[in-house]
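Given next are the chains, with one letter for each unit.
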Amino acid sequence: MPQVEPARSPGGAPVVLLHGQPGDRSDWDAVISCLPGSIDAMALDRPGYGENPCPATTVEDNARWLVERLEREQITDAVLVGHSYGGGVALAAAAMAPERVRGLVLLASVGPGCLTPWDTMLAAPVAGPMISVTAWSLLPWLARRYPDHTANPSWQALAEIHHAHGAVWRSFLFEQRELRHGFERWIAALQQASVPTLVVADSTDKVVPVATARALHEQLPCSRLELVHGGGHQLPRRIPQVIAAAITDFVESLD
């Protein structure tokens with residue numbers, strides 16, 4: 001069934017939550033349930049995932065889609081929270097429209113040095129499509145048949161992956177290839193904008209190395225780095241209370 005975007009808190013500090021690759025806005029359900037009423041949280045399906053009718057697209061067009069959404073919602077002081085690939089989208093959107101962004105929270109975010117040999121294989125002309133089709137057609141199906149999959153954050157995340165308007169594997173493959181273009185231009189633009197930024201990472205993350213978080217912290221002015229434990233890469237699903245507390249503290253520090 002189509003998901004319903006969570007109710008917002010009129011008058012609260014607007015916080016926009018962006019999921020990773022693949023994923024959808026349900027990745028943030030547990031975090032939202034831990035946020036105080038003073039925060040107006042809005043979790044979105046990015047293009048290519050969930051109920052978003054748009055196909056997967058570039059980081060730049062993801063950012064344009066997000067800025068247009070902020071304009072439509074008349075949000076001029078958003079805190080953008082991006083997990084993994086969503087962190088790259090948040091970076092680009094903040095660089096594109098700094099006047100609408102009050103702060104950034106980057107959770108296990110892509111960035112400098114994030115590409116691994118595995119990422120290169122996933123973007124390869126032949127191996128990439130074969131792996132993507134196999135993984136993202138089969139894994140969600142298997143996860144949904146795993147007994148008590150809702151009790152395991154990783155299995156639950158796999159089970160909920162979908163795109164109501166297309167194949168998830170196509171979205172994944174497109175974004176995997178887009179990663180090769182890097183994020184240097186967006187980081188360079190943010191160095192001029194000086195948007196307050198919180199970078200959060202777990203040193204046990206096997207998907208995005210903690211060195212990427214350190215590089216983001218070093219290259220982004222007005223940033224601070226917070227290392228957490230017990231979340232691996234799936235920070236919003238594995239340690240939602242910790243992430244909600246980090247978001248809340250950061251938003252309050254902007255007052």
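Preceding this paragraph is the structure being described.
Values in this document were obtained by computation on a predicted structure and should not be read as measured data.

Caption draft 1: Representation of the overall build of the chain within the structure. Scanning the chain from N- to C-terminus turns up 11 helices and six strands. For 255 residues, the compact-globule estimate of 2.2 N^0.38 gives 18 Å, and the chain sits close to it at 17 Å. Counting all 255 residues of the chain, 54% fall into the buried class. The long-range share in the chain, meaning contacts at least 24 apart out of those at least 6 apart in sequence, stands at 75%. Split by element, the accessible area of the chain, about 11200 Å² in all, is 55% carbon and sulfur. Here the chain carries 19 positive and 27 negative side-chain charges, and the mean point of each set is 5 Å from the other.

Caption draft 2: Looking closely at the packing of aromatic side chains. Enumeration over the complete set of coordinates arrives at one aromatic pair. With a centroid separation of 5.3 Å and an interplanar angle of 50°, the aromatic rings of tryptophan 136 and phenylalanine 172 are classed as tilted. One end of the pair, tryptophan 136, is in helix α5 (residues 127-144); the other, phenylalanine 172, is in helix α7 (residues 168-178), and 36 residues separate them in sequence. Classification of phenylalanine 172 as buried rests on a relative accessible area of 6%. Sitting over the ring of tryptophan 186, arginine 185 keeps its end group 4.0 Å from the ring centre.

Caption draft 3: A look at the pairing of strand β1 (residues 13-18). In terms of residue burial, β1 counts as a mostly covered element, since six of its six residues are buried. For β1 and strand β2 (residues 39-44), the ladder comprises six bridges, and the chain directions are parallel. Looking at β2, one finds that leucine 18 is bridged to leucine 44. A crossover connection joins β1 to the parallel β2 through helix α1 (residues 29-34); in handedness this β-α-β unit is right-handed. Sheet topology places β1 next to strand β3 (residues 78-83); four bridges connect them, and they run parallel. Among the inter-strand pairings, valine 16 is bridged to a residue of β3, identified as leucine 80.

Caption draft 4: Fine view of unusual backbone geometry. Cis geometry marks the peptide bond from glutamine 21 to proline 22, where omega comes out at -10°. One can find proline 22 in the loop between β1 and α1. Phi at alanine 108 takes a positive value of approximately 45°, unusual for a residue other than glycine. Mapped onto the elements of the fold, alanine 108 is located in the loop between β4 (101-107) and α4 (117-122). Even without glycine at this site, cysteine 222 takes up a positive phi of about 60°. On the secondary structure map, cysteine 222 appears in the loop between α9 (210-219) and β6 (223-228). A relative accessible area of 48% places cysteine 222 in the partly exposed class.

Caption draft 5: View of the packing of α5 against α7. Direction vectors running N to C along α5 and α7 enclose 135°, while the axes themselves pass 8 Å from each other. It follows from the interaxial angle that α5 and α7 lie oblique. In this structure, α5 crosses over α7, and the sense of that crossing is right-handed. Here α5 contributes Gly128, Pro129, Ser132, Val133, Trp136 and Ser137 to the contact with α7, which in turn contributes Val168, Trp169, Phe172, Leu173 and Arg177. Grouping the amino acids of the contact of α5 with α7 by side-chain chemistry returns seven nonpolar, three polar and one charged.

Caption draft 6: Representation of the pairing of β2 in the model. The element β2 is extensively covered by neighbouring structure, given that six of its six residues are classed as buried. Here β2 shows no split at all, with Ile39, Ala41 and Ala43 on one side and Asp40, Met42 and Leu44 on the other all buried.

Caption draft 7: Expanded view of the environment of valine 242. Within the secondary structure layout, valine 242 lies in helix α11 (residues 240-253). For valine 242, a relative accessible area of 37% puts it in the partly exposed group. Along the backbone, valine 242 and tyrosine 49 are 193 residues apart, and their C-alpha atoms lie at a distance of 26 Å.

Caption draft 8: Up close: the sheet that holds β6. Spatial ordering of the open sheet is given by β2-β1-β3-β4-β5-β6, a layout of six strands whose pairing is parallel. Each of the sheet's edge strands pairs with one partner strand only, and the pair in question is β2 and β6. Strand-to-strand twist in this sheet, taken as the mean axis angle between neighbours without regard to direction, amounts to 20°. Bridge analysis of β4 against strand β5 (residues 197-202) gives four bridges, and the strand direction is parallel. Bridging from a neighbouring strand, leucine 104 pairs with threonine 197 of β5. The sheet contacts of helix α3 (residues 85-96) involve β1, β3 and β4, and relative to β3 the element is tilted by about 150°. Along the sheet face, α11 touches β1, β2, β3, β4, β5 and β6 and points at about 155° away from the line of β4.

Reading guide: rules and limits
Residues numbered from 1 in each chain as written. Predicted model: local features only at pLDDT ≥ 70, side-chain atom pairs only at ≥ 80, totals over all residues. Heavy atoms only, no water. Helix = DSSP H or I, 4+ residues; strand = E, 2+ residues; numbered from the N terminus. Rg over C-alpha atoms; globule rule 2.2 N^0.38 Å. Buried < 20%, exposed > 50% of the residue type's maximum accessible area, 1.4 Å probe, protein only. Contact = heavy atoms within 4.5 Å. Areas by Shrake-Rupley, 256 points an atom, 1.4 Å probe, with all protein chains shown as cover. Lys, Arg positive; Asp, Glu negative; His and termini not counted. Charge placed at Lys NZ, Arg CZ, Asp CG, Glu CD. Phe/Tyr/Trp six-rings, centres within 6.5 Å; stacked < 30°, edge-to-face > 60°. Lys NZ or Arg CZ within 6 Å of the ring centre and 35° of its normal. Pairing = 2+ DSSP bridges. Right-handed = clockwise from strand over helix to strand, strands pointing away. Axes fitted to C-alpha atoms, helices over the stretch in contact; angles between N-to-C directions. Parallel < 35°, antiparallel > 145°, perpendicular 65-115°, else oblique. Left-handed = near helix turned anticlockwise from the far one by under 90°. Nonpolar A, V, L, I, M, F, W, Y, C, P; charged D, E, K, R; others polar.

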